[in-house]
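Chain residues, written in single-letter form:
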Amino acid sequence: NAGVTQTPKFQVLKTGQSMTLQCAQDMNHNSMYWYRQDPGMGLRLIYYSASEGTTDKGEVPNGYNVSRLNKREFSLRLESAAPSQTSVYFCASSELRTSGSNTGELFFGEGSRLTVL
Amino acid sequence: AQSVTQLDSHVSVSEGTPVLLRCNYSSSYSPSLFWYVQHPNKGLQLLLKYTSAATLVKGINGFEAEFKKSETSFHLTKPSAHMSDAAEYFCVVSHNYGQNFVFGPGTRLSVLP
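Rules behind the numbers
Residues numbered from 1 in each chain as written. Chains lettered and ligands numbered in written order. Predicted model: local features only at pLDDT ≥ 70, side-chain atom pairs only at ≥ 80, totals over all residues. Heavy atoms only, no water. Buried < 20%, exposed > 50% of the residue type's maximum accessible area, 1.4 Å probe, protein only. Helix = DSSP H or I, 4+ residues; strand = E, 2+ residues; numbered from the N terminus. Pairing = 2+ DSSP bridges. Salt bridge = Lys/Arg side-chain N within 4 Å of Asp/Glu carboxyl O. Contact = heavy atoms within 4.5 Å. Buried area = accessible area lost by both parts, 1.4 Å probe. Disulfide = S-S within 2.5 Å. Core = buried A, V, L, I, M, F, W, Y, C linked by side-chain atoms within 4.5 Å.

A. View of the pairing of strand 8 (residues 74-78) of chain A. Residues and elements named next belong to chain A. Strand 8 sits mainly inside the fold: four of its five residues count as buried. Inspection of the sheet shows strand 3 (residues 19-25) paired to strand 8 by three bridges, in the antiparallel sense. Bridge pairing in strand 8 links Thr-20 to Arg-77. The turn linking strand 7 (residues 64-68) back onto strand 8 is made up of five residues.

B. Up close: the pattern of salt bridges. Summed over all chains, the structure comprises seven salt bridges over all chains. Among the charged side chains, a network of salt bridges with common partners joins Arg-36, Asp-38 and Arg-44 of chain A.

C. Region of interest: the interface of chain A and chain B. Counting residues at the interface gives 23 residues for chain A, matched by 21 residues for chain B. The contact between chain A and chain B buries some 1,900 Å² in all, and 53% of this surface belongs to carbon and sulfur atoms. At the junction of chain A with chain B, the criterion picks out one salt bridge. Counting residues per element, the ones that place at least two in the side of chain A that touches chain B are strand 4 (31-37), strand 5 (43-49) and strand 9 (87-94) of chain A.

D. Representation of the state of the cysteines within the structure. In the structure shown here, the tally under the stated rule is two disulfides over all chains. Between the sulfur atoms of Cys-23 of chain A and its disulfide mate Cys-91 of chain A the distance is 1.9 Å. Disulfide Cys-23 of chain A to Cys-91 of chain A: torsion about the S-S bond roughly -75 degrees, handedness left-handed. One end of the pair, Cys-23 of chain A, is in strand 3; the other, Cys-91 of chain A, is in strand 9, with 68 residues separating them in the sequence. Of the two residues, Cys-23 of chain A and Cys-91 of chain A, both sit in the buried class. Cys-23 of chain B shares a disulfide with Cys-91 of chain B; S-S distance 2.0 Å.

E. Structural context of the pairing of strand 11 (residues 112-116) of chain A. Residue and element names in this part refer to chain A. Every second residue of strand 11 is oriented toward a common face, the buried set being Ser-112, Leu-114 and Val-116 and the non-buried set Arg-113 and Thr-115. In the sheet, strand 2 (residues 10-13) pairs with strand 11 via four bridges, with the strands oriented parallel. In the sheet register, Phe-10 faces strand 11, and the bridge partner there is Arg-113. With three bridges connecting them, strand 9 and strand 11 associate as antiparallel partners. Within strand 11, the residue paired with Ser-87 across the bridge is Leu-114.

F. Quick look at the environment of Tyr-35 of chain A. Along the polypeptide, Tyr-35 of chain A turns up in strand 4. The buried category is assigned to Tyr-35 of chain A, whose relative accessible area is 1%. Distance from Tyr-35 of chain A to Phe-108 of chain A, taken between C-alpha atoms, is 9.9 Å for residues 73 residues apart in sequence. Setting aside anything within four residues of it in sequence, one finds Tyr-35 of chain A in contact with Leu-43, Arg-44, Leu-45, Ile-46, Val-88, Tyr-89, Phe-90, Ala-92, Leu-106 and Phe-108 of chain A together with Phe-101 and Phe-103 of chain B.

G. Region of interest: the nonpolar core. In this structure, Trp-35, Leu-48, Leu-76 and Tyr-89 of chain B are the most contacted members of the largest nonpolar core, which totals 27 residues. Broken down by element, this core gets its largest block of residues, four residues, from strand 10 (residues 87-95) of chain B. In this structure, Leu-21, Ile-46, Tyr-64 and Leu-76 of chain A belong to the second largest nonpolar core, which totals 20 residues.

Function cannot be read off these values alone, since they describe shape.
Encoded structure:
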């Protein structure tokens, strides 16, 4: 199983350029997330999608847009990149905990390191 | 609202000595709690999880954590550190059946030879 796959792994942009980070999961999870990681701040939620066809803002949504293309794929778009968006971006997926064996933990991709000059 | 405090930003231990990484949380609901590990330039990997079953939770690589409701704590321990344990560790809280995972700021563990 590939789990959660993110592309690209590395990207350098100039201020004002746009780009899309792609994420796909093969675990049939309903929920998908985009986080950014900055030193000393843990992971902060940008957007999430509880299920196919829905998206919601997280803690730091400004400057980003998302698309839940289908159940497997959840993309993050930077329309006009700024130096403050230099970060490592992680996609994750999870299944809501039920009374069965699902425990609702997050499964992460390997991350996408973005530098905005 | 939920929040997570990791009391130490950096912990340094000698190889073969015990590890203690501290985590305190606040949650308005009955929480699920997780510890994740992140090795340099890698994604986050689940170490262990608490989801209202046994309060002492065993995870991978010899780590364990104890849920103490009265102290709102979920500290991570390991009896004997190994060089390969050097990494960043994140405590995470989520309330049951919820979508919201809140991360602590992380604790960097260094293991000295």
